[in-house]
Amino acid sequence: ADFLERVEKLIDRLPEAQARVLHLVYGMGYSVAAAAQEMKITPTQVSTLKFAALGKLRQWCSDEGLLLAVIATLLWGIIWRMIHGL
């Protein structure tokens, strides 16, 4: 639980648009194009937001000593559901 709590705090630090992109793509399984349509932005903007969010999470995980940053990224859907009780 400690790991998930730490990751949750990092996710909460992301700007809303970046967190939403990650939720749609990793949590809901949307393609970049579908996420763009849902958010009413271009696919390029979705990709940019996703790249920035993952980069921040990796950096923050590293800063926090969370060596499982890559696993957290890969397991985004599971972690998102656990955090939000879905």
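For the structure, check the block above.
Residues numbered from 1 in each chain as written. Predicted model: local features only at pLDDT ≥ 70, side-chain atom pairs only at ≥ 80, totals over all residues. Heavy atoms only, no water.

Participant: Just to check I follow, could you spell out the overall build of the protein for this structure?
Facilitator: Counting its regular elements, the protein contains 6 helices and 0 strands. Ordered by position from N to C terminus, the α and β elements of the protein give α-α-α-α-α-α. The burial tally for the protein puts 34% of its 86 residues in the buried class. Considering only residue pairs separated by 6 or more positions, the protein has 65% of its internal contacts joining residues 24 or more positions apart. (Helix = DSSP H or I, 4+ residues; strand = E, 2+ residues; numbered from the N terminus. Buried < 20%, exposed > 50% of the residue type's maximum accessible area, 1.4 Å probe, protein only. Contact = heavy atoms within 4.5 Å.)

Participant: How should the side chain of glutamine 18 be read in this particular structure?
Facilitator: Locating glutamine 18 in the fold gives a position in helix α2 (residues 16–27). Not counting residues within four places of it along the chain, the set of residues in contact with glutamine 18 comprises Leu49, Ala52, Ala53 and Lys56.

Participant: Would you explain the pattern of salt bridges in this entry?
Facilitator: Tallying each qualifying case throughout the model produces 1 salt bridge. As a salt-bridge pair, glutamate 38 and arginine 20 come within 3.2 Å of each other at their nearest N and O atoms. Pair noted here: glutamate 38 is in helix α3 (residues 32–39) and arginine 20 is in helix α2, with a separation of 18 residues, a long-range link. The partly exposed category is assigned to arginine 20, whose relative accessible area is 29%. (Salt bridge = Lys/Arg side-chain N within 4 Å of Asp/Glu carboxyl O.)

Participant: Is there a simple way to think about the packing of aromatic side chains in this case?
Facilitator: Two descriptors summarise a pair of aromatic rings, namely the distance from one centre to the other and the angle between the planes of the rings. All chains considered together, the criterion is met by 0 aromatic pairs. The positively charged end of arginine 13 is found above the aromatic ring belonging to tryptophan 60, 4.0 Å away from the centroid. (Phe/Tyr/Trp six-rings, centres within 6.5 Å; stacked < 30°, edge-to-face > 60°. Lys NZ or Arg CZ within 6 Å of the ring centre and 35° of its normal.)

Participant: Sorry if this is basic, but what is going on with the packing of α2 against α3 here?
Facilitator: Between two packed helices, the angle of one axis relative to the other and the distance separating the axes together describe the packing. Between α2 and α3, the least distance of the axes is 10 Å, while the angle of their chain directions is 130°. In terms of orientation, α2 and α3 fall into the oblique class. In this structure, α2 meets α3 at a crossing whose hand is right-handed. On the side of α2, the interface is formed by Ala17, Arg20, Val21, Leu24 and Val25, while α3 contributes Ala35, Glu38 and Met39. When the residues that make up the contact of α2 with α3 are grouped by side-chain class, the tally is 6 nonpolar, no polar and 2 charged. (Axes fitted to C-alpha atoms, helices over the stretch in contact; angles between N-to-C directions. Parallel < 35°, antiparallel > 145°, perpendicular 65-115°, else oblique. Left-handed = near helix turned anticlockwise from the far one by under 90°. Nonpolar A, V, L, I, M, F, W, Y, C, P; charged D, E, K, R; others polar.)

Participant: Explanation requested: α3 in the structure shown.
Facilitator: The set of residues buried in α3 consists of Ala35, Ala36 and Met39. One face of α3 carries all of its buried residues, which in axial projection span an arc of 100°. Where α3 is buried, its residues meet α2 and α4 (43–63). Immediately downstream of α3, the backbone of lysine 40 shows phi near 60°, a positive value. (Arc of directions from axis to C-beta.)

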